[in-house]
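Descriptive structure summary
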Amino acid sequence: MKKSIQNLAMCLICSVSMWACTKSSTTTVMPVTAVRVNDIPADTVVRLSPQGAPITNGKYTFYSIEKNAIVPNTDSATTKWDIAFMSTRIITNSGTSGIGQGGAFVYVGLFDALTTIPADSVFRTDNAPASFAIPMGSGKGWYNYDGLTNLVTPLAGRVLVIRTASGKYAKIEIISYYKGGVTLPVTASDMDKLTKQRYYTFRVAYQPNGTKKF
Amino acid sequence: MQGDSVVVTANRSERKLSNVTVPVSIINAKQIQEMGAIRLTDVLKEQPGLTLTSGFGAGVQLQGLNPDYTIILINGEPLVGRTAGVLDLNRIALGNIKKIEIVKGPSSSLYGSEAMAGVINIITDAVNAIPLQASLRYGTYQTIDAGVNHSIVNKSIFYQGYYNYYSTDGFSIRPNSTSRTTTPITRFTINQQLKYNVSDNTNIAISFRATDEKVKNEISVVNGGATITSFGYEHNTDQNFNVSLNHRFSNKLKTSFRGYRTEYNGRQDLLTVSGLPYYDLLNHLFQRVENQTDWNINKQTNLIFGGGTVLEGVKSNRYDSEQVRKTNSTGYGFAQLEMNPSKKLIVVGGIRFDKNETFASAFSPKISASYKLNDYNKLKFSIGQGFKAPDFRQIYLDFTNAAAGGYSVFGSAQAQKVIAQLMTAGQVGTLYDTYYQLNDLKPEYSNGMHLTWDYEPNNKTFVSFQLFRNDINNLIQVQQVAAYVTGAQVFSYLNVGRAFTQGVEIESKYKLTQNIMFSGGYQFLLTGDKDQIEQIKAGKVYTKDANGYSRLLTMNDYVGLPNNSKHRVQFKCNYNSQSGLFANIRFIYRSRWAVNNTNGNEVFDNGDEFAKGYLSVNSAIGKEYKNGFSIQLGSDNMGNYIDAVNLPNLPGRTYYAIIKYQLINKNK
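These remarks concern the structure in this document. (Residues numbered from 1 in each chain as written. Chains lettered and ligands numbered in written order. Predicted model: local features only at pLDDT ≥ 70, side-chain atom pairs only at ≥ 80, totals over all residues. Heavy atoms only, no water.)

**So, the packing of aromatic side chains**
Where we set the bar: Two rings from Phe, Tyr or Trp (for Trp, the six-membered ring) form a pair when their centres are within 6.5 Å of each other. A pair whose planes differ by under 30 degrees is stacked, one over 60 is edge-to-face, and the rest are tilted. For the purposes of this entry, the term helix denotes a DSSP run of H or I that reaches at least four residues, the term strand denotes a run of E that reaches at least two, and both are numbered from the N terminus. Using a 1.4 Å probe on the protein chains alone, a residue whose accessible area is under 20% of its type maximum counts as buried, one over 50% counts as exposed, and one in between counts as partly exposed. Criterion for a charge above a ring: Arg CZ or Lys NZ at most 6 Å from the ring centre, at most 35 degrees from the ring normal.
Under the criterion given, the structure shown has 27 aromatic pairs over all chains. Ring geometry for Y260 of chain B and F286 of chain B: centres 6.1 Å apart, planes at 65 degrees, overall edge-to-face. Taken together, the residues Y260 of chain B in strand β16 (residues 253-272) and F286 of chain B in strand β17 (residues 277-298) connect sequence positions 26 residues apart. Each of the two residues, Y260 of chain B as well as F286 of chain B, counts as buried. Here the aromatic rings of W453 of chain B and F465 of chain B are separated by 5.1 Å at their centres, their planes lie at 20 degrees, and the arrangement is stacked. Of this pair, W453 of chain B sits in strand β26 (residues 444-458) while F465 of chain B sits in strand β27 (residues 461-484), placing them 12 residues apart in sequence. The lysine or arginine in question, R203 of chain A, covers the ring of Y549 of chain B, its NZ or CZ lying 3.7 Å from the ring centre. The residue whose ring lies beneath R352 of chain B is Y332 of chain B, and the NZ or CZ to ring-centre distance is 3.9 Å.

What follows is the structure, encoded as structure tokens:
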């Protein structure tokens, strides 16, 4: 009895907090909450060459959606990671990139509006170098690169629908590619544009129960 | 109040302003002098409905349409040498100009390609020229402008010669930057005009004009994070030569044959710090012969008709071969009928047909009318179609940027050929749907409508209200058509865009006393990309909120085309005394305009980056003495407004002084 009261209380807290978060109708209670992940480095610039060219280590940052944590590079050949970042590239633990059951596709629409992954969705897998689950290149996957301003801007209305290494589902919206979670202004210095880039801020909702509902 | 000046641009023939049926502004030499203006840009930036643009030189936007769509004429002959569609108006010195006429609305029915938004015609007539005039202007940033203008006029000869030297040290308004926002420039302009009256009814006119411009350049390019700075010289020359034979058969019938040749050569020879050369060349040659006949059929009817042929060509290192000139020839014919069935009504109808060798033909009709309701009120209406032929670069460009990721841009004629070759070589990875849409480019065209109400209640007041709308179709836009195996993009040009501009313009003048005059102008402008608007209305366009989360974009967020300000205001107060003293103060305000798409969609909306609205205040004071000397002091941008990123051509506050001598013509 005591436990069920606890459960009921938890449920209430959940639904109230959800309502507060989303300000949407209270009739459905979303079973997962989105978390905001700030400033995941993605092969950031370590120094500049004497000619001013950026120098990086050329390594991916591996990330576990389930644990909401960065995974050491030594675990790259495991299923401990779900996605990995290196500059504008995002790979999934699938195909040529990893041994997991991962995959992904880019959904055009709003993050909150994607409550169920459509049944006819096709999850793509990585097939380097020809294709990736999340297409690479400006305007194709999640970002736009402006050659005049040298800025990378996340495309609006794009949700990265992810199948994790263990075959569960998550959705991600990229918020920024720059340290601090806000795209730099066009007027930012060239130095800032070089050194503050390659930091991902995103929000992610993870469904641990294996269903395609968020 | 308006006076009855003569206009030549509106009808391609001299007409009184009161008989013109389309919107026209005239800026005369006196106004230009009182502003202390030395380049065409100085004058145009203070005109209602016009906005200066920067990037590839200073261009002018007319009623929301980009610089590509306004034809620039000197004495009726077009200037060429546009970079990315922009003709740098700083090329044009003003010292010998009699007046500038600006016609708003599509005028392709008379002038053909480029006259889609309107026409700016610079008139340097030798008739009534001053025998000798010399002026020297010195201002901030070591800006020197020296000009000499002299003329010989007798019964049968009109000769005018003009020489101008301009130089500036340029300026840097970007703090902590070694590169100057405006680089040091020297320019020479020479103009020779001769008109000889063979008989009372026949004359021959010859004119030659040349400009030579040297720009000391410094370019910084960020490539893969490395900043490469290049120094060197940019050398631009421009020559125009024309000959005309004019004959009057009778009071009712006259004809003129005109031959025109102009060549623009722009060359950049730079060297990067790392020793690599940077080189760019654009050479544009334009030759034309033309005949025009004016026939005054009867008191109520005038007919103008003519035709001609143009041969033009462009050489550029950005085409497949720099040695081979890409050419196009055009044949055209036009006719315009003017009728005034009653004293109150004038109707003008015109058509022109342009047949092109390298792209589709264009047919440009226009009809306009003016109706005088009474002594104080006049209505004018015009509707017409204008066009702009595809640029040479849009047809022939063959450019691969090896530095920036290896992307390529091919003109429409090159694209299919080159991509086929690349495919054979196994270099092409993907063909896009747009590749299959590649075709011969069609001209861009626009339908423009202007409704004007002129109100002149007394000889002190004049107000003109104007409504305008332009619908532009077949806009040529750069689209990705393929991708290399490496993933680098391949672009070409397609006729895909549709847009509109519309708005209200008000111009007014009020004479307070014999000596004091106020004038003001206001423009309200709305623009939009029609395809984008459809997408927004269909709920397919997203934007980011302050948290970086996506939401649907609504029409309330949409701001239309970039670089367009919703509001523009001009106000001028002018004092002029009989003793030769004059003074003026001019206020020019422009509201914010979108400059960069920063929030992750392809449309311009409230969440994007804007340049701030600004006010610039210019003022001048001077005195003309009876002995022909005059002095003038002035200051521009007195509020010291600076926006280094969005207004690189606007230095902070500047001062200047002008001293001028005119030999007064005793015959007058």
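Here the narrative resumes.
**Remarks on the interface of chain A and chain B**
Worth spelling out the cut-off: Contacts: residue pairs with any heavy atoms within 4.5 Å of one another. We define buried area as the total accessible area lost by two parts upon association, computed with a 1.4 Å probe and summed across both. Note on definitions: salt bridges are taken to be side-chain nitrogens of Lys or Arg within 4 Å of carboxyl oxygens of Asp or Glu. Each polar contact in these results corresponds to two N or O atoms within 3.5 Å; when the atoms are within protein, one needs to be able to donate a hydrogen and the other to accept it, and residues that are neighboring in sequence are counted only if both atoms are side-chain atoms. Amino acids outside the nonpolar list (Ala, Val, Leu, Ile, Met, Phe, Trp, Tyr, Cys, Pro) and the charged list (Asp, Glu, Lys, Arg) are all regarded as polar, and Gly is one of them.
Residue-level contacts link 28 residues of chain A with 23 residues of chain B. Roughly 1800 Å² is buried in total at the junction of chain A and chain B, and carbon and sulfur atoms are behind 54% of that figure. Looking at the side of chain A facing chain B, the largest losses of area belong to L110, A156 and V186 of chain A, adding up to 25% of the total buried there. The interface formed by chain A and chain B holds 1 salt bridge in total. In this structure, E173 of chain A engages K544 of chain B in a salt bridge whose closest nitrogen and oxygen atoms are separated by 3.4 Å. At the junction of chain A and chain B, the tally comes to 7 residue pairs in polar contact (both at pLDDT 80 or more). Looking at the side of chain A that touches chain B, the elements with two or more residues in it are β10 (151-154), β12 (169-178) and α2 (190-195) of chain A. Broken down by element, the side of chain A that touches chain B gets its largest block of residues, 3 residues, from β12 of chain A. For the side of chain A that touches chain B, a count of residues per class yields 12 nonpolar, 9 polar and 7 charged.

**What to know about the pairing of strand β9 (residues 118-123) of chain B**
Regular strands have side chains that alternate between both faces of the sheet. Residues and elements named next belong to chain B. Put simply, the test is: Pairing between strands requires that DSSP locate at least two bridges from one strand to the other.
Taking burial as the measure, the 6 residues of β9 include 6 buried ones, the bulk of the element. What you see with β9 is no split at all: G118, I120 and I122 on one side and V119, N121 and I123 on the other are buried throughout. Inspection of the sheet shows strand β6 (residues 70-74) paired to β9 by 5 bridges, in the parallel sense. By the bridge assignment for β9, I72 is matched with I120.

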